[in-house]
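An overview of the molecular structure
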Amino acid sequence: MDSSSSVWLGAPLEKLPTPALTLDQATVRRNAECMRERCRALGLRLRPHVKTHKTLLRRAGVPCPQASIGSTPSCSHPVPEMAQLTELHPGNYLFYDLQQTLLGSCHPEEVAIRVLTRVIGHYPHRNQLLVDCGWAALSLHGRHQAPVGCAAIEGHPQLRLVGLTQEHGQVEAIDGRLDFERFPLGSILALIPFHACATAAMHPVYYVHAGGKVVELWHPVRGW
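Throughout what follows, the structure given in this document is the object of discussion. Note that the coordinates shown come from a computational prediction; the quantities given were computed from them, not determined experimentally.

Notes on the packing of aromatic side chains
For any two aromatic rings, the description comes down to two numbers: the centre-to-centre distance and the angle of the planes. Within this structure, the stated rule accounts for one aromatic pair. Between phenylalanine 95 and tyrosine 206 the ring centres are 6.1 Å apart and the planes differ by 85 degrees, which places this aromatic pair in the edge-to-face class. Of this pair, phenylalanine 95 sits in the loop between strand E4 (87-89) and helix H3 (98-103) while tyrosine 206 is found in strand E11 (residues 206-210), placing the two residues 111 residues apart along the sequence. Assessed through its relative accessible area of 15%, phenylalanine 95 is described here as buried. Just above the ring of tyrosine 123 sits the side chain of arginine 126; from NZ or CZ to the centre is 4.3 Å.

As for the pairing of strand E8 (residues 159-164)
Summarising the sheet, E8 and strand E9 (residues 169-173) pair through five bridges and their orientation is antiparallel. In the sheet register, leucine 164 faces E9, and the bridge partner there is glycine 169. The antiparallel hairpin formed by E8 and E9 contains four residues in its connecting segment.

A closer look at helix H1 (residues 25-42)
Over its 18 residues, H1 runs 26 Å from end to end, which matches the ideal 26 Å to within 8%, given 1.5 Å per residue. Every buried residue of H1 is accounted for by Gln25, Thr27, Val28, Asn31, Ala32, Met35, Arg38, Cys39 and Leu42. Contacts made by the buried residues of H1 are with strand E1 (20-24), strand E2 (45-46), helix H2 (72-76), E4, E11 and strand E12 (213-218). For H1, the N-terminal cap is aspartate 24; the gap from its side-chain oxygen to the backbone nitrogen of alanine 26 is 3.2 Å. After H1 finishes, the residue glycine 43 shows a positive phi value of roughly 70 degrees.

Details of a nonpolar patch on the surface
On the surface, a cluster of nonpolar side chains totalling about 250 Å² of accessible area is made up of Trp135, Leu140 and Met202. As for its position among the elements, methionine 202 is in the loop between helix H4 (196-200) and E11.

Brief notes about the sheet that holds E2
A sheet is described by the order of its strands in space; here three strands give the open sequence E2-E4-E3, paired in parallel fashion. What marks the edges here is a single partner per strand, and that holds for E2 and strand E3 (68-70). Pairing of E3 with E4 involves three bridges; the strand directions are parallel. Across the sheet, isoleucine 69 pairs through a bridge with leucine 88, a residue of E4.

Some points on the pattern of salt bridges
In total, this model carries six salt bridges according to the counting rule given. As a salt-bridge pair, glutamate 33 and arginine 36 come within 2.9 Å of each other at their nearest N and O atoms. Note that glutamate 33 and arginine 36 are positioned in helix H1 at a spacing of three residues, about one turn of the helix. By relative accessible area, glutamate 33 is classed as partly exposed at 32%. You can call arginine 36 partly exposed: its relative accessible area is 37%. Salt-bridge contacts for glutamate 37 lead to arginine 40; the nearest nitrogen and oxygen are separated by 2.9 Å. Here glutamate 37 pairs with arginine 40, and both are found in helix H1, just three residues apart, close to one helical turn. A network of salt bridges, in which partner residues are shared, links Glu33, Arg36, Glu37 and Arg40.

Here is what the cut-offs are and how they apply
- Residues numbered from 1 in each chain as written.
- Predicted model: local features only at pLDDT ≥ 70, side-chain atom pairs only at ≥ 80, totals over all residues.
- Heavy atoms only, no water.
- Phe/Tyr/Trp six-rings, centres within 6.5 Å; stacked < 30°, edge-to-face > 60°.
- Helix = DSSP H or I, 4+ residues; strand = E, 2+ residues; numbered from the N terminus.
- Buried < 20%, exposed > 50% of the residue type's maximum accessible area, 1.4 Å probe, protein only.
- Lys NZ or Arg CZ within 6 Å of the ring centre and 35° of its normal.
- Pairing = 2+ DSSP bridges.
- Expected span 1.5 Å × (residues − 1).
- Contact = heavy atoms within 4.5 Å.
- Polar contact = N/O pair within 3.5 Å; in protein donor to acceptor, adjacent residues only side chain to side chain.
- Patch = residues over 30% accessible without salt bridge, like charges linked within 9 Å, V, L, I, M, F, W, Y side chains within 5 Å.
- Areas by Shrake-Rupley, 256 points an atom, 1.4 Å probe, with all protein chains shown as cover.
- Salt bridge = Lys/Arg side-chain N within 4 Å of Asp/Glu carboxyl O.

Dropping the structure here:
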């Protein structure tokens, strides 16, 4: 199946082949405009998604006509002193993620990225669900850094992703027994990844959606 085909334009999210990386169009646009407004208020250029850093040498008396900083946490909460710079170059602010939420860079509703996964197995003897998203669609970043591990399960705080193989994930109830009837085979769970950059690198196409349907297909540029 060619998941990058335009056949998916207009498709409901629940029909997408999983695992599927989805982006909420309105949230992405709002995040982009918020960062542009922060830069306008400081009189700075915005140079997004550039991961290199320049060294500030002005205090040492070295001429430095171009002075910039990156990092989404810093740029998400600018201070007046940043007006002395010439540009900001954050990289994660369009999507945000669980890590940025925990750092205080954003609110949960500002996270645009999700990985959709389907329930493909019930294991009552292990009190687990099996889903079709493994580390090859999510990454292992955050495995030992966040209370929920590599991803949070949207709308289901009682569930936790407890294990990942290359192509599958294991989901358990944090407390008590799983109600398997609430999660029939084929039902979809939305994962909020710990690190959007690592997760996005795993996918050949991003399904941008509005009103519950795919409205754009974004294809990432590969290479260094």
